[in-house]
Amino acid sequence: MTAPPVSPAPHASSLDLGGRTALVTGAAGGIGRTCALRLAAAGAKVRAVDRDAAGLETLAEQGHDLAGTVEPHVLDLTDLDAAELAAAGTDVLVNNAGLQLVRPIEEFPPDAFHTVLTVMLEAPFRLIRGALPHMYGQGWGRIVNVSSVHGLRASAYKSAYVAAKHGLEGLSKTAALEGAPHGVTSNCVNPAYVRTPLVEKQLADQAQAHGIPEERVLSEVLLQDSAVKRLIEPEEVAEAVAYLCGPQASFVTGTSLVLDGGWTAH
């Protein structure tokens, strides 16, 4: 039986980002939305980046009463030059935007594969490239890449997503090695399946790919390898991101903070 969802925990780690500018991609919903609100609650001026203008407007309204600010920035990350420019002057960079398509390799559309790799690997590279000069200049910066358990383990029918997340892991480690002398840390956060619209969409895709009803996908496919039989909540991921931005994590770099309910313990 699937365990019931947990209520979001109160913000456990103290974090003061007053005077800092944070950029969060994929901020209109899901993990990105909760990360943007969490960093704004810590006092950051958050550049909320997404191609969903309506979703960004809703986010900005939700962030009105926080210590920091949420500034909507409509941007399609396939515009790589614009992505790099958007990251200029950023103190905290959260690479979160992602998309998913579940198909066997022989049926996977090459253009979709290209788009997934562009948004989820090449765009983070360009965003990091755009953010580093400012970070290096001030001797401080935080790069948090929202990876996945699929950055550490593969699953069938997700060739583009798995390839992108594995690549993101390597990019993050390289940024950590180069950034360390300049006071810049770079880490990945690796959740298992999170309660987001992206995962909800996968239920139908996985049902088709595996030939089983949607109601069996959650227990028999998505949570099969997880010891904790529930989806992780977006707020739990946002708190991990917040931890990596705080002073208590200044010695944490080049690693992956795994939130997978025991998946990779196998």
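To keep things clear, this report deals only with the structure shown in the data block. (Residues numbered from 1 in each chain as written. Predicted model: local features only at pLDDT ≥ 70, side-chain atom pairs only at ≥ 80, totals over all residues. Heavy atoms only, no water.)

## Observations regarding unusual backbone geometry
Item 1. If you check the backbone angles, tyrosine 157 has positive phi at about 75° while not being a glycine.
Item 2. Mapped onto the secondary structure, tyrosine 157 falls in the loop between strand S5 (141-146) and helix H5 (159-179).
Item 3. Tyrosine 157 sits in the partly exposed class, given a relative accessible area of 29%. (Helix = DSSP H or I, 4+ residues; strand = E, 2+ residues; numbered from the N terminus. Buried < 20%, exposed > 50% of the residue type's maximum accessible area, 1.4 Å probe, protein only.)

## A word on the environment of alanine 40
Item 1. With respect to the helices and strands, alanine 40 occurs in helix H1 (residues 30-41).
Item 2. Taking the relative accessible area as the measure of exposure, alanine 40 reaches 0% and is therefore buried.
Item 3. Spatially, the C-alpha atom of alanine 40 lies 4.4 Å from that of glycine 68, the residues being 28 residues apart in sequence.
Item 4. Filtering out sequence-adjacent residues up to four positions away, alanine 40 remains in contact with Val46, Leu66, Ala67, Gly68, Thr69 and Val70. (Contact = heavy atoms within 4.5 Å.)

## A closer look at the nonpolar core
Item 1. Among the nonpolar cores identified, the biggest contains 35 residues, and Leu17, Val24, Leu39, Val46, Leu59, Val92 and Val94 are the most heavily contacted of them.
Item 2. Among the elements of the structure, strand S1 (21-25), H1, strand S2 (45-50), helix H2 (53-62), strand S4 (92-95), S5 and helix H8 (234-245) are those that each provide at least two residues to this core.
Item 3. The dominant element in this core, judged by the number of residues it contributes, is H8, at seven residues.
Item 4. Setting aside chain neighbours within four positions, we find valine 92 in contact with Leu17, Thr21, Ala22, Leu23, Leu39, Met135, Trp140, Arg142 and Cys245.
Item 5. With 31 residues, the next largest nonpolar core counts Ala97, Val116, Met120 and Ile143 among its residues. (Core = buried A, V, L, I, M, F, W, Y, C linked by side-chain atoms within 4.5 Å.)

## Regarding the state of the cysteines
Item 1. Tallied over the full model, the rule gives zero disulfides.
Item 2. Here cysteine 188 is not cross-linked by a disulfide; its sulfur's nearest cysteine counterpart is in cysteine 35, at 13 Å.
Item 3. Residue class for cysteine 188 comes out buried when judged on its relative accessible area of 1%. (Disulfide = S-S within 2.5 Å.)

## Focus on H8
Item 1. Its twelve residues give H8 an end-to-end C-alpha distance of 17 Å, which sits within 8% of 16 Å, the value for a rise of 1.5 Å per residue.
Item 2. Among the twelve residues of H8, nine are classified as buried, and the element is accordingly described as predominantly covered.
Item 3. Among all positions of H8, only Pro234, Val237, Ala238, Glu239, Ala240, Val241, Ala242, Leu244 and Cys245 are buried.
Item 4. Lining the buried residues of H8 we find H1, S4, S5, strand S6 (184-191) and strand S7 (256-259). (Expected span 1.5 Å × (residues − 1).)

## Some details on the pairing of S2
Item 1. Bridge count between S1 and S2: five bridges; the pairing is parallel. Looking at S2, one finds that threonine 21 is bridged to lysine 45.
Item 2. In this view, the connection linking S1 to its parallel neighbour S2 by way of H1 has right-handed handedness.
Item 3. When S2 meets strand S3 (residues 69-74), the two strands line up parallel, connected through six bridges. (Pairing = 2+ DSSP bridges. Right-handed = clockwise from strand over helix to strand, strands pointing away.)

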